[in-house]
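Analysis of the macromolecular model
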Amino acid sequence: MSSAPSDLIEGVSHADLANAIRALSMDAVEAAKSGHPGMPMGMADVATVLFTKFLKFDPKRPSWADRDRFVLSAGHGSMLLYSLLHLTGYDDFPLSELKRFRQIGSRTAGHPEYGYGGGIETTTGPLGQGIATAVGMAMAERIMHSRFGDDLVNHFTYVIASDGDLQEGISHEAASLAGHLALSKLIVLWDDNKISIDGATSISFSDDNLARFRAYNWDVQEIDGHDPKAIAAAIEYARTTEAPSLIACRTTIGYGAPTKANTASSHGSPLGAKEIEGARANLNWPHAPFEIPDAILNAWRTLGDRGATEADAWVKRLARSEQRLTFKAAISGEIPVEAQAALLAHKKAVIETKPNIATRLASGNTLDVVVPLVPELMGGSADLTGSNNTRAKGAAGVQKDNWSGRYIHYGIREHGMAAAMNGMALHGGVIPFSGTFLCFSDYCRPAIRLSALMKTRVIYVMTHDSIGLGEDGPTHQPVEHMAALRAIPNLLVFRPGDAVETAEAWQLALASRNRPSVLALTRQNLPTLRPDYNEENLTAKGAYVLREAEGARKVTLLATGSEVALVVEARDRLQAAGIGTAVVSMPSWELFAEQSDEYRAEVLGRGTVRIGVEAMVRLGWDRWLGEDGIFIGMPGFGESGPYQELYNHFGITVDAVVAAAKSRL
Ligand SMILES: Cc1ncc(C[n+]2csc(CCOP(=O)(O)OP(=O)(O)O)c2C)c(N)n1
Ligand SMILES: [Mg+2]
C-alpha cells in the first residue's frame, strides 16, 4: 500500500486516511466486544479512494436526490461505513455513536440499518441482499433519468460486496438482470480476500467470478485492492463502460493485524489488545483508541465538505428547471389527488356493475385506472404477466436503451425482483409493484422481510392464492403462505374478497408510506359482494361486517378472499333456517389488529358461534376464533384437480359451514 502523500490534501497521505478507518473499526469492535474488524481493515483503501475521489455525496444533505448511492452489501463490515460517515462529517455519526457500536438505541447497529442515520442507504447484513437492492437503485436512477434527464438525475450506484455476497444465489439473479439491462452506472467493488468464516474460500468455492460476471454482460477488472492508484484507475474506467462493472479488489482481510491478517480469525471477533497493539505498530498509527489526529480528521472533513458544491449546483439546476414541480412531486411519493379520485370513481363503478371476476383481474382493472395517473408507479412480473395482471393497459416494457416504459420484465427471478423493488423504493421517485404466484412468495421472502424492516412502500401482487388455482396442484397451491406472510412484522397482507376490496386494498397499499403490502389474489372468478357504495374504505378496518345477522346474531362467519363468497352463501342458508348469522370479511388481519378492542369485539361477535373459513392452514386463526371456534380450511398440502372439486375434496363447502354452525347451536 502506498504511503505517498495524498494528492488530495497537503501533508496527509492516502495511508493516513485509510488507517483512520482501520483504527476506528478495530477500536469500536474492541469496545463493543463484538463485531467484524477484518473486512473494514481490508477494504479501507478501496473505500478511501471511492469516498475521496469519486463518490458524489454531501454529509450535510444525506438525502439529496441526485447523490451517488453507496451500498455496503457486506453489512457485517458496518464499521467501515460508520467510520466513513463519521470521518466525512455526517451529523448522525459523531464519535460518541461509534463508541456505542452495537449497543441498544445507537445509530451504529451491528449491521447497517436503514433509517438509523443519514448515509445508510439500505439495511444490509443478509448477504446478497445489498447488491440486489443496489441493482434496483441503479434501475430507479435510469427510470428517473428517462423522465428528468441528465440535469436532474445522473448518479452512480456503488457497492462493496464480499465473497459471501457473490456466493449467495440472489447475486446471480441480480447480476444477470443488471447485465441484461446494461446498468452501466452500477459499480461493484468486490472484496476479493479469499476468506470467509470457515476459512479459505477455496474449501467451498471454485467459481471464476470474473468469467461469471463477464457472461452476465458485465465489464470486469481485477486489481490490487491496496494500491490506491490501481483502485482509482479501475473506478475511473468503470464509470465509462456501457455495462455494469465488477472490480475484483484483491485484499487482505484484517490488513495490518500481525497474526490475524489474511485469516478467518479477523472476520468476526475483536482482535484483542495484543493484536491491536501490533496492528497499530504495523500501520504506524501510534494514536490512542478512537483518537484521530486533527490533521487527518480535518483532511477527511475537507474532503467531505467538497460535496456541497455539487449539491448546491444541483439545487440551483432544480430551481431553474421547468420540471421542478414534477420532480418534487415524484420525490415526495404522494399519490396525486386525481389518482385518488379516480380510484374512488372506479370503486363506485365496480359496485354498480358488480362484476363476477377474479381478484387478479380486479387488480389489473384497478391498475388500468391508477397507473396512467401515477407516473411513479412501475409494474412488473417474474414472467407471469398474463397471470398476475400487473401490466396496465398501454404500459410499455422497459428496455436497456429505453427506460421510459412503465413495466419491467424481471424474468424468472423472484428474489432479485423483490430486492430490486426495495432498491427502487429506497432510491425514491419510483413506487414499485410486481407479481408472481403467492406460492413463490417464499422465493421473495428474505427481501420482503427487508421491505418490512426498512419500512419501504413495496407492493407485492401475489396471485393464484389458494387451491382455487386448481390443476397445477400442491406445488403451486399456497397453504401456509398467508400465515407465513402474516408472521412478518410491519407487513400488510391483504386477501381481498371481491373486486371492491381489491380496489380498496390497492388504495391502502398506495397510501402506505411505511409498510410494504402483499395482495393475495385469486385466479378463479368471484362475485362482487359489497352491496352499496361508500366512500369510506372498509378494508382499512382490516375486517368488517359485510352481512349483519337478521334477528339476534347467533353465528359469526369469518372469512378472507375467495372464501367470503362461500360464507355469504352459508349465511343465507342459515338465515333461511332462522339462525341469525353475520358474515365478517377479513381482508387484512394486521389492520384489524390495530382497531379498538370495542370494534373488534363487535365485529367478531363474542359469545356467538364463530367459524373461520380460509383455504389455508389454521395457524393464526385461533386469535379470532377463540377457544371454541371452528376452523374450516386446509389440513395440509393440496391436490391437483379442478378447483371446485378440490373445495369439495377438502370439505371447504357451504354444506360444511352450515353443518358446523348447526352442530354448535
Ligand atoms: C444470508 C446470510 N448467510 C449467512 C450469513 C452469516 N455470515 C456473515 S459474513 C459471512 C461470510 C463471510 O465471508 P465473506 O463474505 O467473504 O466476508 P469476509 O469474511 O471476507 O469479510 C457469513 C456466512 C449472513 N450474514 N447472511
Ligand atoms: Mg471474504
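As shown above, the structure is provided for reference.
In what follows, the accompanying structure is described. (Residues numbered from 1 in each chain as written. Chains lettered and ligands numbered in written order. Predicted model: local features only at pLDDT ≥ 70, side-chain atom pairs only at ≥ 80, totals over all residues. Heavy atoms only, no water.)

1. Comments concerning the side chain of Arg 142
Its place among the elements puts Arg 142 in helix 5 (residues 129-152). Its relative accessible area of 18% is what places Arg 142 among the buried residues. At a separation of 2.8 Å, a polar atom in the side chain of Arg 142 contacts the side chain of Glu 141. Leave out the neighbours within four places in its chain, and Arg 142 touches Leu 183, Lys 185 and Trp 403. (Helix = DSSP H or I, 4+ residues; strand = E, 2+ residues; numbered from the N terminus. Buried < 20%, exposed > 50% of the residue type's maximum accessible area, 1.4 Å probe, protein only. Polar contact = N/O pair within 3.5 Å; in protein donor to acceptor, adjacent residues only side chain to side chain. Contact = heavy atoms within 4.5 Å.)

2. Looking at the coordination of the magnesium ion (ligand 2)
In the first shell of the magnesium ion (ligand 2), the protein supplies Asp 163 (OD), Asn 193 (OD1) and Ile 195 (O), at 2.1 to 2.2 Å from the metal. Going along the chain, you hit the donors of the magnesium ion (ligand 2) in the pattern D-x29-N-x1-I. Here Asp 163, found in helix 6 (residues 163-167), pairs with Asn 193, found in the loop between strand 3 (186-192) and strand 4 (195-196); they are 30 residues apart in sequence, far enough to count as distant. For the residue pair Asp 163 and Asn 193, the accessibility class agrees, reading buried in each case. (Donors = N, O, S within 2.8 Å, 3.2 Å for Na, K, Ca; no water.)

3. What about unusual backbone geometry?
Although it is not a glycine, Asn 284 sits at a positive phi angle of roughly 60°. For Asn 284, the location among the structural elements is in the loop between helix 10 (273-283) and helix 11 (294-305). A relative accessible area of 62% means that Asn 284 is categorised as exposed. Despite not being glycine, Asn 490 shows a phi value in the positive range, around 60°. Here Asn 490 lies in the loop between helix 19 (481-486) and strand 12 (492-494). Its relative accessible area of 28% is what places Asn 490 among the partly exposed residues.

4. Remarks on the pairing of strand 17 (residues 609-613)
In terms of burial, strand 17 is largely enclosed, as five of its five residues are buried. Residues Val 609, Ile 611 and Val 613 line one face of strand 17 and the alternating positions Arg 610 and Gly 612 line the opposite face, and both faces are buried. Looking at chain direction, strand 15 (residues 555-559) and strand 17 are connected through five bridges and run parallel. Paired with Ala 559 across the bridge in strand 17 is Val 613. Sheet topology note: the strand 17/strand 18 (residues 630-632) ladder contains three bridges and is parallel. Counted as the bridge partner of Val 613 is Ile 632 from strand 18. (Pairing = 2+ DSSP bridges.)

Any link to function would need more than the numbers given here.
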